[in-house]
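Here is what each chain is made of, one letter per residue.
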Amino acid sequence: MDPQELPTRDQFGRLLEDRGVWRQATTLAAAGELTARWLEGASQYQPGTFAPGFDDETRPLAAALAELNRNGIFTKESQPGIRTESAAQRQYVTGFCSAAAATALLALSTRTELVTVAHAPGEASSAAIPVTLAGTEVTTVLGSSENPVEEEQVQDWADETNDALALLLSDSWYVEVFDPAWGRNDLLLPEVLAVLQRVELD
């Protein structure tokens, strides 16, 4: 096969060249930095996101999420707060972090209105906290651990990144932080960043 005919993108449209750097990411800090670059538009590959970029809903949050990723959390999911006649969302962010960061984010629930759900490494917990409504129908919930604990889950992460990072994620804390106020957008991300920056300084 002519080298010029080799595919440059995977079946999801993600740039294979950008995937290569994930093979070298073996720490949460490295994963966070690569995620920050993706959020800033400098990459078209993000593990577990089956598209070359993020959706329009994430655009207003991208810069703040990039900061979080550079300060101790490898974010997995997020959404803005929304409140309309037909839909409502609670703002949230989830991700993998150290025990120290998880402890600090859990303490955030004791002094603010924000709620943190922290999942210990290897924990296969499951709950259903509504964070997105379409009319009266609940369409998104939080409360389930996303740590890769089953062999198949670890392999999925290894295929998307590398073996070392997959094993690290299975041994990391997974946190979900959400704002209980429907539609609010000015509290969660600044508070989470401030907590993570204090942990980084300690």
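Presented here is an overview of the structure given in this document. Treat the numbers as computed from the prediction; the structure is a model and nothing was measured.

1. Describing the packing of aromatic side chains
Each aromatic ring pair is specified by the distance between its two centres and by the angle formed by the two planes. All chains considered together, the criterion is met by seven aromatic pairs. Ring geometry for W22 versus F74: centroids 5.9 Å apart, planes at 40 degrees, classification tilted. Linking W22 in helix α1 (residues 16-22) with F74 in strand β1 (residues 73-79), this pair joins segments that are 52 residues apart in sequence. Among the residues examined, W22 registers a relative accessible area of 1% and is labelled buried. On the basis of relative accessible area, F74 is assigned to the buried category, the value being 2%. Centroid distance W38 to F54: 5.5 Å. Interplanar angle 85 degrees. Geometry classified as edge-to-face. Separated by 16 residues along the polypeptide, W38 in helix α2 (residues 28-39) and F54 in the loop between α2 and α3 (62-69) bring together distant segments of the chain.

2. Remarks on the pairing of strand β7 (residues 137-142)
Two strands pair when backbone bridges link them, and strand β6 (residues 129-134) and β7 are joined in this way by five bridges, in the antiparallel orientation. Looking at the pairing, L133 lines up with V138 of β7. Once β6 ends, the chain turns through two residues before running back antiparallel as β7, passing G135 with a positive phi of about 65 degrees.

3. Notes on a negative patch on the surface
A surface patch of like charges, here negative, comprises E150, E151, E152, D156, D159 and D163. Per element, the largest residue contribution to the negative patch is four residues, and it comes from helix α5 (residues 151-160). Locating D163 in the fold gives a position in helix α6 (residues 163-170).

4. Structural notes on the pattern of salt bridges
Tallied over the full model, the rule gives ten salt bridges. For R184, the salt bridge goes to E113, with nearest N and O atoms at 3.2 Å. You can see R184 sitting in the loop between β8 (173-178) and α7 (188-201) and its partner E113 sitting in the loop between α4 (99-111) and β5 (115-119), a full 71 residues away along the chain.

5. A closer look at the sheet that holds β1
The strand order β1-β4-β8-β5 describes an open sheet built from four strands, whose pairing is antiparallel. Both outer strands of the open sheet, β1 and β5, are each paired with one neighbouring strand and no more. Between one strand and the next, the sheet's axes are offset by a mean angle of 15 degrees, whatever the strand orientation. The pairing of β1 with strand β4 (residues 92-97) spans six bridges and is antiparallel. Within β4, the position partnered with I73 by the bridge is C97. Its contacts with the sheet place α3 against β1 and β4, and it is angled at close to 155 degrees to β1.

6. Description of α6
If you check which residues of α6 are buried, you get L165, A166, L169 and S170. Looking straight down α6, one finds its buried side chains confined to an arc of 140 degrees; they lie on one side. Away from the buried face of α6 by more than 90 degrees, exposed residues D163 and L167 are located. Of the surrounding secondary structure, the elements contacted by the buried residues of α6 are α1, α2, β1, β4 and α5. Capping the start of α6, N162 holds a side-chain oxygen 3.1 Å from the backbone nitrogen of A164, two or three residues further along.

7. Side note on the sheet that holds β7
Reading across from one edge, β2-β3-β6-β7 is the order of the four strands in this open sheet, with antiparallel pairing throughout. Since the sheet does not close on itself, it has two edges, and those belong to β2 (82-83) and β7, each with one partner. Bridge count between β2 and strand β3 (residues 87-89): two bridges; the pairing is antiparallel. Bridging across to β3, R83 finds its partner in A88.

What counts as what
- Residues numbered from 1 in each chain as written.
- Predicted model: local features only at pLDDT ≥ 70, side-chain atom pairs only at ≥ 80, totals over all residues.
- Heavy atoms only, no water.
- Phe/Tyr/Trp six-rings, centres within 6.5 Å; stacked < 30°, edge-to-face > 60°.
- Helix = DSSP H or I, 4+ residues; strand = E, 2+ residues; numbered from the N terminus.
- Buried < 20%, exposed > 50% of the residue type's maximum accessible area, 1.4 Å probe, protein only.
- Pairing = 2+ DSSP bridges.
- Patch = residues over 30% accessible without salt bridge, like charges linked within 9 Å, V, L, I, M, F, W, Y side chains within 5 Å.
- Areas by Shrake-Rupley, 256 points an atom, 1.4 Å probe, with all protein chains shown as cover.
- Salt bridge = Lys/Arg side-chain N within 4 Å of Asp/Glu carboxyl O.
- Lys, Arg positive; Asp, Glu negative; His and termini not counted.
- Charge placed at Lys NZ, Arg CZ, Asp CG, Glu CD.
- Axes fitted to C-alpha atoms, helices over the stretch in contact; angles between N-to-C directions.
- Contact = heavy atoms within 4.5 Å.
- Arc of directions from axis to C-beta.
- Polar contact = N/O pair within 3.5 Å; in protein donor to acceptor, adjacent residues only side chain to side chain.

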